[in-house]
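Inside the fold
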Amino acid sequence: MPDTVIVWGKPVEVSVYQKSKTVWIATGSYHDRHIEVQGRTESTALSLWRKTAEYWGNG
């Protein structure tokens, strides 16, 4: 089940899964751009995904 991340005030569905004990992957699309990031925890991966989407969506 996808998680919902708020990017610039709008909800975006993002998939997140655990690749290994300390690697989580968050993946999804924002403004027709595929974004995939990794973090040490689920919440870190989701937060990094949101920040990356905000960066690419700010142009």
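Please refer to the structure placed before this passage.
What comes next is a walk through the structure. Source: prediction; values computed, not measured. (Residues numbered from 1 in each chain as written. Predicted model: local features only at pLDDT ≥ 70, side-chain atom pairs only at ≥ 80, totals over all residues. Heavy atoms only, no water.)

Observations regarding the overall build of the protein chain
What counts here: Secondary structure counts use DSSP, requiring at least four H or I residues in a row for a helix and at least two E residues in a row for a strand, with both numbered from the N terminus. Only C-alpha atoms enter the radius of gyration; for comparison, a globular chain is expected to reach 2.2 Å times N to the power 0.38, where N is the number of residues. Throughout this description, buried means an accessible area under 20% of the type-specific maximum (1.4 Å probe, protein chains only), exposed means over 50%, and partly exposed covers the range between.
Scanning the protein chain from N- to C-terminus turns up 1 helix and 4 strands. Ordered by position in the sequence, the α and β elements of the protein chain form the string β-β-β-β-α. Relative to its length of 59 residues, the protein chain is compact, with a C-alpha radius of gyration of 11 Å against a globular reference of 10 Å. Across its three principal directions, the C-alpha atoms of the protein chain cover 35 × 20 × 15 Å. Looking at the protein chain as a whole, 36% of its 59 residues qualify as buried.

With respect to the nonpolar core
Rule in force here: Think of a nonpolar core as a cluster: buried Ala, Val, Leu, Ile, Met, Phe, Trp, Tyr and Cys residues, connected wherever their side-chain atoms sit within 4.5 Å. In this description, contact between two residues means that some pair of their heavy atoms is separated by no more than 4.5 Å.
With 14 residues, the main nonpolar core has V7, V14, A26, Y30 and W49 as its most contacted residues. Listing elements by their share of this core, those giving two or more residues are strand 1 (3-7), strand 2 (10-20), strand 3 (23-30), strand 4 (33-39) and helix 1 (42-56). Per-element tally for this core: the top contributor is helix 1, with 4 residues. When neighbours within four sequence positions are excluded, Y30 is seen to be in contact with V7, W8, V12, I35, W49, A53 and G57.

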